[in-house]
Amino acid sequence: MTARSAMAVTGGMGGGIGRLRGRASASAGAPGRGSVLGVPARIMTPRLVLIASTLILVCLGVVMIFSASSVEAISEMGDAAYYVKRQVGFVGVGLVLALVCAKVDYHRLVGGLFAPVWAFTILLLLAVLFLGNETNGATRWVMIGPFRLQPSEFAKVTLALAAAKVADEHFAEQSTDDVTAVLRAVVFLGIPLGLIFIQPDKGTTGIIFVMVLAVVAAAGVDMKPLMKLALLALVVGLIISLTDEYSRQRILTVLDPWADQYKNGYQLTRGFMAFGSGGLLGKGLGMSRMKYSYLPEAHNDFIFAIIGEELGLVGTLTVVALFAVFVWAVLQVARNASDFSGRAVAVAVATLVATQFFLNAMGVLGLFALSGKPMPFLSYGGSSIMSCLMLVGLAVNVSLNSSLPETVHDARRRAMTLADEEDTGVGEPHVHTGTHGAGALPLSAATVRSVPLASPEEARRGLRLVDGGVAGDSGRGASERGAADGHGRIDLGPSASERLRPSSGPTVRSGSRSASSGRARRAGGSGGSGRSGSVGFSNGGASSRPRRRG
């Protein structure tokens, strides 16, 4: 190897070290570029989007509740802000409950704390049966002091944890067989659902049933039997609703609300009028006419109609977009969850909120029978807003306990360490012979010690230029010198310029010459000087075509 080649190799080593140092600096800065507030962006971005969309929906709900309820509040309570004041108080309590749900590790919620939480929920549902207040033919509320709570709303939080627990034990941990899993599902899910159904509260029962199917689907179960089960449940629910006079009348009303617009179809048709009068941009915030005692439950179940009247089509589509962003964020939290139990909890939260939103919106629009379920985050009601915020707390809980999966490269980086000789970033040169020798870097260390890499100039200080030999040296002599110096010689042959630039012009060969003569001449052209790559011409048969040879 000539001196110029040796310098090229040395320069390449120095440049390689410089590039390695640059990559190390880039790797050290990578978490900064790919992180938000010190957390990987893939985890932190959905969390921030979830919190932001929730706050926007809650604030919008407070504003619209004040607008929709002010007329009724001042006429009945003497205070236009009566309902909005109570709603703000409910939001405050809900935020505290959401903080508790976010701070207590969800592994504990589906583990040791699940039994007392489930038992407390059962006590609340039983209290409704014996101490509940009947409203519109249903007993769903229980009075606790001056407040009226709806335990079925809080039961959704508990049943989300129950579905995640049962699914995780059977599908992920595989600690239960099919029979045991079914029995646990009947106890943890079936008993609360039965108590909710007999209130009767068919809307909440249907929402929770859809949630359970979504959690099971997230476990990778075949969708065909799940779809058959969902269809069967829909048929059974329809049959049960038709046997009940109140539910049957709601189904008949949605088919033709204008047939009895002053009685059974009164609320639904006034909702249509509110949407129709809103137009594209609406009448303006606070300018609704239907809230003047024309539309019953304007600040509760039919607040979506008031939004359509005051904010128009743009406002209603904005609400739909906010809920879509909310569901997307929760599903991203589920995707980044550390285990299946966290994924199941997040999927349950997204399904509960999305299903209740569509059930309310489709009922107000006349696309589905009215269920009496409020709009999440927007409708007035303490139980609704507190349970929704608790669900958000569970989703944030999963996000806080999420971590990026470790790749093969992460494991290798964690196992690598540097030799404890000199803290310069450049170790002693070692000759690697296909197996790890004594000088190889250990790869089994449990920790990583970061050492700043040297610059190219510092790296060259520990290298000594060894002349690789000149033309005319025999391989034996060079090898002996290299062995004597303690260095092995690497013969790279002629330089690239010598191999690609012949000293003589193209050689013309005649096709009549023998093959042996051509081979001899080719051997003579490439021997000694090590030069090849000439361009020749060959006469082949009747025609002669130029042929480039490399």
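Look up a bit, the structure's there.
*Asks:* Would you explain helix H2 (residues 41–76) in this entry?
*Replies:* Think of an α-helix as turning once every 3.6 residues; residues three or four places apart then point the same way. In this model H2 runs 50 Å from its N-terminal to its C-terminal C-alpha over 36 residues, within 8% of the 52 Å that 1.5 Å per residue would give. At Ser 69, H2 shows its largest bend, some 55°. Once H2 ends, the next one or two residues include Gly 78, with phi positive near 75°.

*Asks:* Sorry, what's going on with the nonpolar core here?
*Replies:* Generally speaking, a soluble globular protein has its nonpolar side chains buried in company with each other. In terms of nonpolar packing, the biggest core is built from 98 residues, with Met 211, Phe 323, Phe 377, Leu 378 and Leu 394 touching the most fellow members. Of the residues forming this core, the biggest block, 15 residues, is contributed by helix H13 (residues 340–364). Sequence-distant contacts of Leu 378, defined by excluding residues within four places in its chain, comprise Leu 57, Leu 60, Gly 61, Ile 65, Ile 303, Ile 307, Val 319 and Phe 323.

*Asks:* Looking at this structure, how should I read the side chain of Ser 247?
*Replies:* Position of Ser 247 among the secondary structure elements: in helix H10 (residues 245–255). The class of Ser 247 is buried, set by a relative accessible area of 14%. Polar side-chain contacts of Ser 247 include one of 3.0 Å to the side chain of Asp 244. Discounting chain neighbours no more than four positions away, the residues touching Ser 247 are Lys 202 and Ser 241.

*Asks:* Got a minute to help me understand the pattern of salt bridges in this structure?
*Replies:* Pairs can form between side chains of opposite charge whenever their charged atoms are close. The final tally for this structure, using the stated rule, is eight salt bridges. The partner of Lys 156 in a salt bridge is Glu 153, with the nearest N and O atoms 2.9 Å apart. Here the residue Lys 156 and the residue Glu 153 both occupy positions in helix H6 (residues 151–172), the gap between them amounting to three residues, near one helical turn. With a relative accessible area of 2%, Lys 156 lands in the buried category. With a relative accessible area of 1%, Glu 153 lands in the buried category. Lys 373 serves as the salt-bridge partner of Glu 153, at 3.0 Å between the closest nitrogen and oxygen. One end of the pair, Glu 153, is in helix H6; the other, Lys 373, is in the loop between H13 and helix H14 (382–400), with 220 residues separating them in the sequence.

Cut-offs and rules
Residues numbered from 1 in each chain as written. Predicted model: local features only at pLDDT ≥ 70, side-chain atom pairs only at ≥ 80, totals over all residues. Heavy atoms only, no water. Helix = DSSP H or I, 4+ residues; strand = E, 2+ residues; numbered from the N terminus. Expected span 1.5 Å × (residues − 1). Bend = angle between axes of the 7 residues up to and from the residue. Core = buried A, V, L, I, M, F, W, Y, C linked by side-chain atoms within 4.5 Å. Buried < 20%, exposed > 50% of the residue type's maximum accessible area, 1.4 Å probe, protein only. Contact = heavy atoms within 4.5 Å. Polar contact = N/O pair within 3.5 Å; in protein donor to acceptor, adjacent residues only side chain to side chain. Salt bridge = Lys/Arg side-chain N within 4 Å of Asp/Glu carboxyl O.

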